[in-house]
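Listed below are the residues making up each chain.
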Amino acid sequence: MLPVALTAVLATTVGPGSAAVSAGRLVEVGRFEAPVYAAVPPGVSGVLYVVEQAGRIVVWQNGKTRSTPFLDLRSKVLSGGEQGLLSVAFDPQYARNHFFYVDYTDLNGDTHIVRFRSDGRRAVPSSARQLAFVKDFASNHNGGQLQFGPDGLLYWGNGDGGGSGDPNDNGQNLTRPFAKIQRLNVRAPRVLWKLVAFGLRNPWRFSFDSANGDLYIADVGQNAWEEIDYLRHGEAVPANFGWRRFEGAHVYDASTPLLGAGRYVAPIHDYSHDSGACSVTGGYVYRGKDVPASVGRYYFGDYCSGEVWSLRVTGGKATSIRLEPFTVPGLSSFAEDNRGELYLMSVSNGILYRLQA
Ligand SMILES: [Ca+2]
Ligand SMILES: [Ca+2]
């Protein structure tokens, strides 16, 4: 049997260059019905808008949940598995225009990106304006993340459409709306999505580092490897993240050539399913004040094993990869507030946690 101190070190460090010891713990701050995401309008503090998979957005304020939902799309949303109301993004000028954007799967399982306006407290249903529609063919791999980038553009991720092994080779095909991250200038008079990245299997969660605009994508793998992808702010796009030639850093289908249209970008990190992991859930680079030792670390975890890790990107490479001393089974998402504090949530037990020192 190992000495206690050594066991603790082994439990909190994995991978090369990882001498860091974890500094955080999780504290429960709220309970919801199958939460899958949370976000907050710019400049607001003490509030999170929590996305419930069935189709509601509820407002959590100073530790309490408002009784009236901010948005209720339950009659329009097919929910369960990878479907449902999947994320929300608030307009950078929300304080002025009250616009926000949602991604959901409708009763046929097709994807909608819709802009709504609120009256400040609740969504105005008649304000709905559709910005994208994708006819889908399988219930899984619907992506679902919306984020505003450092350029003020709206970024949207969609998966390869689903099934298993990318049966239609959507990953290496630019003519279809699958397996991509695209971005939209929401101020332009016409809706025109532009390609940022392709070769993604299911980018369920991606985020930008609020300090420098770097992009982190957690791309869900097939049967063996989960991956973290990274693009430094300002790097040339489109980037080709390789699916289905590659799953993580490993060849998945050698007969699928990489499209020449984009530069292939290998993951900065991948991890195997050996430990009971099955599906990566991407988080955020921590920029808060509560856990000073974690500033600059990117957090992510696994939906099945509930393991949570963090790493630092140094010189374009993942360093100081660290297993955190807590688990969140059913980990559906992370969230970040305007102070840079980090939240985690479980779709299976409904708990919203906050990272604290
Ligand atoms: Ca699908
Ligand atoms: Ca990849």
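Our subject is the structure that appears above.
Residues numbered from 1 in each chain as written. Chains lettered and ligands numbered in written order. Predicted model: local features only at pLDDT ≥ 70, side-chain atom pairs only at ≥ 80, totals over all residues. Heavy atoms only, no water.

1. Notes on the coordination of the calcium ion (ligand 1)
Taken together, the protein ligands of the calcium ion (ligand 1) are Asp136 (OD), Asp136 (OD), Ala138 (O), Asn140 (O), Asn142 (OD1) and Gly161 (O), with distances of 2.2 to 2.8 Å. Around the calcium ion (ligand 1) sit six donor atoms, and with donor-metal-donor angles ranging over 49 to 155 degrees the site reads as irregular. (Donors = N, O, S within 2.8 Å, 3.2 Å for Na, K, Ca; no water. Tetrahedral: all angles 85-135°; square planar, octahedral: opposite > 155°, others 65-115°.)

2. Section: the packing of aromatic side chains
Here the structure, examined in full by the defined rule, presents 21 aromatic pairs. Centre to centre, the rings of phenylalanine 90 and tyrosine 94 are 5.2 Å apart; their planes meet at 85 degrees, and the pair counts as edge-to-face. Here phenylalanine 90 and tyrosine 94 have matching classes, each one buried. Aromatic side chains phenylalanine 137 and phenylalanine 178 sit 5.5 Å apart centroid to centroid with 80 degrees between the ring planes, which places their arrangement in the edge-to-face category. On the criterion of sequence distance, the pair formed by phenylalanine 137 in the loop between β10 (123–134) and β11 (146–148) and phenylalanine 178 in the loop between β12 (154–158) and β13 (180–184) is long-range, its members being 41 residues apart. Classification of phenylalanine 178 by relative accessible area gives buried; the value is 6%. Sitting over the face of the ring of tryptophan 243, arginine 201 holds its NZ or CZ atom 5.5 Å from the ring centroid. Stacked on the ring of tryptophan 204, the Lys or Arg arginine 205 has its end atom at 4.0 Å from the ring centre. (Phe/Tyr/Trp six-rings, centres within 6.5 Å; stacked < 30°, edge-to-face > 60°. Buried < 20%, exposed > 50% of the residue type's maximum accessible area, 1.4 Å probe, protein only. Helix = DSSP H or I, 4+ residues; strand = E, 2+ residues; numbered from the N terminus. Lys NZ or Arg CZ within 6 Å of the ring centre and 35° of its normal.)

3. Quick look at the pairing of β10
Sheet topology note: the strand β9 (residues 111–118)/β10 ladder contains seven bridges and is antiparallel. Counted as the bridge partner of threonine 111 is valine 134 from β10. From the end of β9 to the start of β10, which pair antiparallel, there are four residues, and glycine 120 there has a positive phi angle of about 105 degrees. (Pairing = 2+ DSSP bridges.)

4. With respect to the sheet that holds strand β28 (residues 342–346)
Within the open sheet, the four strands sit side by side as β1-β29-β28-β27. Their pairing is antiparallel. The sheet terminates laterally at β1 (25–31) and β27 (331–336), the two strands that pair on one side only. When strand polarity is set aside, the average angle formed by the axes of neighbouring strands in this sheet is 30 degrees. Note that β1 and strand β29 (residues 351–356) share six bridges and pair antiparallel. If you follow glutamate 28 over to β29, its bridge partner there is tyrosine 353. (Axes fitted to C-alpha atoms, helices over the stretch in contact; angles between N-to-C directions.)

5. Overview of the state of the cysteines
Taken as a whole and judged by the stated rule, the model has one disulfide. Covalent S-S linkage joins cysteine 278 and cysteine 304, the inter-sulfur distance amounting to 1.8 Å. Judged by the sign of its S-S torsion, about 70 degrees, the cystine formed by cysteine 278 and cysteine 304 is right-handed. Remark: cysteine 304 occurs in the loop between β24 (298–302) and β25 (307–314) and cysteine 278 occurs in the loop between β22 (269–272) and β23 (280–285); sequence separation between them is 26 residues. Classification of cysteine 278 as partly exposed rests on a relative accessible area of 25%. (Disulfide = S-S within 2.5 Å.)

6. Details of the environment of leucine 192
Within the secondary structure layout, leucine 192 lies in the loop between β13 and β14 (193–198). The class of leucine 192 is partly exposed, set by a relative accessible area of 43%. Along the primary structure leucine 192 and leucine 131 are separated by 61 residues, whereas in three dimensions their C-alpha atoms are 8.9 Å apart. Apart from the residues within four sequence positions on either side, leucine 192 is in contact with Arg183 and Leu184. (Contact = heavy atoms within 4.5 Å.)

7. Section: empty space enclosed by the protein
Taken as a whole and judged by the stated rule, the model has two cavities of 30 Å³ or more. Considering the residues around the largest cavity, the lining is formed by Tyr101, Arg115, Arg129, Leu131, Leu184, Asn185, Val186, Ala188, Arg190 and Val191. Among the residues forming the lining of the largest cavity, the class breakdown is six nonpolar, one polar and three charged. When its volume is computed, the second largest cavity comes out at roughly 40 Å³. (1 Å grid on protein atoms, 1.4 Å probe; cavity = no way out; pocket = protein on both sides within 12 Å on 5 of 7 lines; lining within 4 Å. Points joined across faces, edges and corners; volume = space filled by probe spheres on them. Nonpolar A, V, L, I, M, F, W, Y, C, P; charged D, E, K, R; others polar.)

8. Notes on the coordination of the calcium ion (ligand 2)
Protein coordination of the calcium ion (ligand 2) is provided by Glu227 (OE), Glu227 (OE) and Phe241 (O), with donor distances spanning 2.1 to 2.7 Å. Placement of glutamate 227 in strand β17 (residues 225–231) and of phenylalanine 241 in the loop between β18 (239–240) and β19 (246–247) is noted, with a sequence separation of 14 residues between them. As far as the burial class goes, glutamate 227 and phenylalanine 241 line up, both buried.

9. Some thoughts on the layout of surface pockets
A volume near 610 Å³ is recorded for the largest pocket. Around the largest pocket, the lining comprises 28 residues; the ones closest to its centre are Val40, Gln147, Phe148, Glu336 and Asn338. Secondary-structure elements contributing two or more residues to the lining of the largest pocket are β2 (35–39), β7 (85–90) and β11. Considering only residue class, the lining of the largest pocket consists of 16 nonpolar, eight polar and four charged. In this structure, the second largest pocket spans a volume of roughly 330 Å³. Lining the second largest pocket are 19 residues, and of these Gly81, Glu82, Trp204, Ser279 and Tyr303 lie nearest its centre. Elements with a minimum of two residues in the lining of the second largest pocket: β23 and β27.

10. A closer look at the nonpolar core
Ranked by size, the top nonpolar core spans 57 residues in total, and within it Ile57, Phe70, Leu71, Val88, Phe100 and Val102 carry the most contacts. Those residues in contact with leucine 71 that lie beyond four places of it in its chain are Gly55, Arg56, Ile57, Leu85, Phe100, Val102, Phe116 and Ala123. Residues Tyr101, Ile113, Leu131 and Leu184 belong to the second largest nonpolar core, which totals 16 residues. (Core = buried A, V, L, I, M, F, W, Y, C linked by side-chain atoms within 4.5 Å.)

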